[in-house]
Amino acid sequence: DTGVSQNPRHKITKRGQNVTFRCDPISEHNRLYWYRQTLGQGPEFLTYFQNEAQLEKSRLLSDRFSAERPKGSFSTLEIQRTEQGDSAMYLCASGLLQGVGGYTFGSGTRLTVV
Amino acid sequence: GENVEQHPSTLSVQEGDSAVIKCTYSDSASNYFPWYKQELGKGPQLIIDIRSNVGEKKDQRIAVTLNKTAKHFSLHITETQPEDSAVYFCAASVGGTALIFGKGTTLSVSS
């Protein structure tokens, strides 16, 4: 296992378009987290899953955002009707229950909305 | 909800000096405190973590201390090297729930 994988690494889209990002966690990790990071800031929590169940959503996750983890393995994050303010790095992390062993982050998907 | 404050926002040291970054948290239920290093264009990388039942943890040149009463935790890097230059983030969580991050410290180590 080579760690948390995120695709694509970069995405440029026009305002109003929909985009979808994928995260493949470390295979034995049952928790998966999505974060957003803007320049000069720390990662901001969006949502997390335990297996296929979405357990918590941040108020940052507007109704234009949806995340899924259909089989408890990979996850997708979709943004509908993108806005310029959505431009950011979207990070995925995975971990075990109770945070044993820590949380491992992927390299992120950088979204630019033009 | 949890709030994590981190200081300083920037830190410049000479190679070989020590660097200290401090964080405070608000939620007394938080019990897991990791530190991440982030280099440009990369995701955060876990460098050390500590749980609330431990007061101090050390790994080679890096150490973390935790004061649960004061809700403070700190990262100490000794004998800094140019490759330690990066952005460092502290974070806090309650047992596997969402990590809440500080705003980061940009560490510059000059040779």
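Above: the structure in question.
This structure is a prediction, so every number in the text was calculated from the model and none was measured. (Residues numbered from 1 in each chain as written. Chains lettered and ligands numbered in written order. Predicted model: local features only at pLDDT ≥ 70, side-chain atom pairs only at ≥ 80, totals over all residues. Heavy atoms only, no water.)

Visitor: Tell me about the interface of chain A and chain B, residues and numbers included.
Guide: Contacts between the two partners involve 21 residues from chain A, matched on the other side by 20 residues from chain B. Between the two partners, chain A and chain B, sit seven residue pairs in polar contact (both at pLDDT 80 or more). At four residues, strand β4 (residues 31–37) of chain A tops the list of elements feeding residues into the side of chain A that touches chain B. Looking at side-chain class alone, the side of chain A that touches chain B contains nine nonpolar, 10 polar and two charged residues. (Contact = heavy atoms within 4.5 Å. Polar contact = N/O pair within 3.5 Å; in protein donor to acceptor, adjacent residues only side chain to side chain. Helix = DSSP H or I, 4+ residues; strand = E, 2+ residues; numbered from the N terminus. Nonpolar A, V, L, I, M, F, W, Y, C, P; charged D, E, K, R; others polar.)

Visitor: An account of the state of the cysteines is requested, with residue identities and associated values reported.
Guide: Residues and elements named next belong to chain B. For the coordinates displayed, the defined rule picks out two disulfides over all chains. Disulfide pairing places C23 opposite C90 at an S-S distance of 1.9 Å. Linking C23 and C90, the disulfide has an S-S dihedral of approximately -95° and is accordingly described as left-handed. Of this pair, C23 sits in strand β3 (residues 19–25) while C90 sits in strand β9 (residues 86–92), and the two are 67 residues apart along the sequence. Considered together, C23 and C90 belong to a single accessibility category, that of buried residues. (Disulfide = S-S within 2.5 Å. Buried < 20%, exposed > 50% of the residue type's maximum accessible area, 1.4 Å probe, protein only.)

Visitor: Lay out the sheet that holds strand β1 (residues 4–7) of chain B with the relevant residues and their values.
Guide: Residue and element names in this part refer to chain B. The strand order across the open sheet formed by five strands is β1-β3-β8-β7-β6, and the pairing between neighbours is antiparallel. Both outer strands of the open sheet, β1 and β6 (56–59), are each paired with one neighbouring strand and no more. On average, adjacent strands in this sheet sit at an angle of 15° to one another, irrespective of strand direction. Across six bridges, the pairing between strand β7 (residues 62–67) and strand β8 (residues 72–77) is antiparallel. Residue N67 lies in a different strand from β8, and its bridge partner there is H72. (Pairing = 2+ DSSP bridges. Axes fitted to C-alpha atoms, helices over the stretch in contact; angles between N-to-C directions.)

Visitor: Run through the sheet that holds strand β1 (residues 5–7) of chain A, naming residues and quoting values.
Guide: Residues and elements named next belong to chain A. Taken together, the four strands give an open sheet; going across it, the order is β1-β3-β8-β7, and neighbouring strands pair in antiparallel fashion. Every other strand in the sheet has two partners, leaving β1 and β7 (65–68) as the edge strands with one partner each. Within the sheet, the average angular offset between the axes of one strand and its neighbour, ignoring direction, is 15°. Bridge count for strand β3 (residues 19–24) against strand β8 (residues 75–79) is five bridges, and the pairing is antiparallel. Across the sheet, C23 pairs through a bridge with S75, a residue of β8.

Visitor: Describe the pairing of β4 of chain A, naming the residues involved and giving the relevant values.
Guide: Residue and element names in this part refer to chain A. Taking burial as the measure, the seven residues of β4 include seven buried ones, the bulk of the element. Taken together, the six bridges between β4 and strand β5 (residues 44–50) define a ladder with antiparallel strand orientation. Residue W34 lies in a different strand from β5, and its bridge partner there is T47. Hairpin connection from β4 to β5: six residues lie between these consecutive antiparallel strands, with G40 at a positive phi of about 80°. As judged from the seven bridges shared by β4 and strand β9 (residues 88–95), these two strands associate in the antiparallel manner. Residue pairing in the sheet places Q37 in a bridge with M89 of β9.

Visitor: If you had to explain the pairing of β7 of chain B to someone new, which residues and values would you point to?
Guide: All names here are of chain B. The pairing of β6 with β7 spans four bridges and is antiparallel. When the bridges of β7 are listed, K58 appears paired with A63. Remark: two residues form the turn of the hairpin made by β6 and β7, two consecutive strands paired antiparallel; Q60 in that turn has positive phi of roughly 60°.

Visitor: Hey, could you go over the pattern of salt bridges for me, with residue numbers and the actual values?
Guide: Residue and element names in this part refer to chain A. All told, the structure shown has eight salt bridges over all chains when counted by the stated rule. Note that D24 is salt-bridged to R22, the shortest N-O span being 2.8 Å. Ionic contacts of the salt-bridge type, sharing partners, join the residues R64, E83 and D86 into one network. (Salt bridge = Lys/Arg side-chain N within 4 Å of Asp/Glu carboxyl O.)

Visitor: Give me the lowdown on unusual backbone geometry, citing residues and values where you can.
Guide: Omega for the peptide link from N7 of chain A to P8 of chain A comes to -10°, which places this bond in the cis form. Relative to the assigned elements, P8 of chain A resides in the loop between β1 and β2 (10–13). A cis amide bond links H7 of chain B to the next residue, P8 of chain B, at an omega of -5°. Mapping P8 of chain B onto the fold places it in the loop between β1 and β2 (10–14). Of note, the phi angle at K71 of chain B is positive, near 60°, even though the residue is not glycine. Along the chain, K71 of chain B falls in the loop between β7 and β8.

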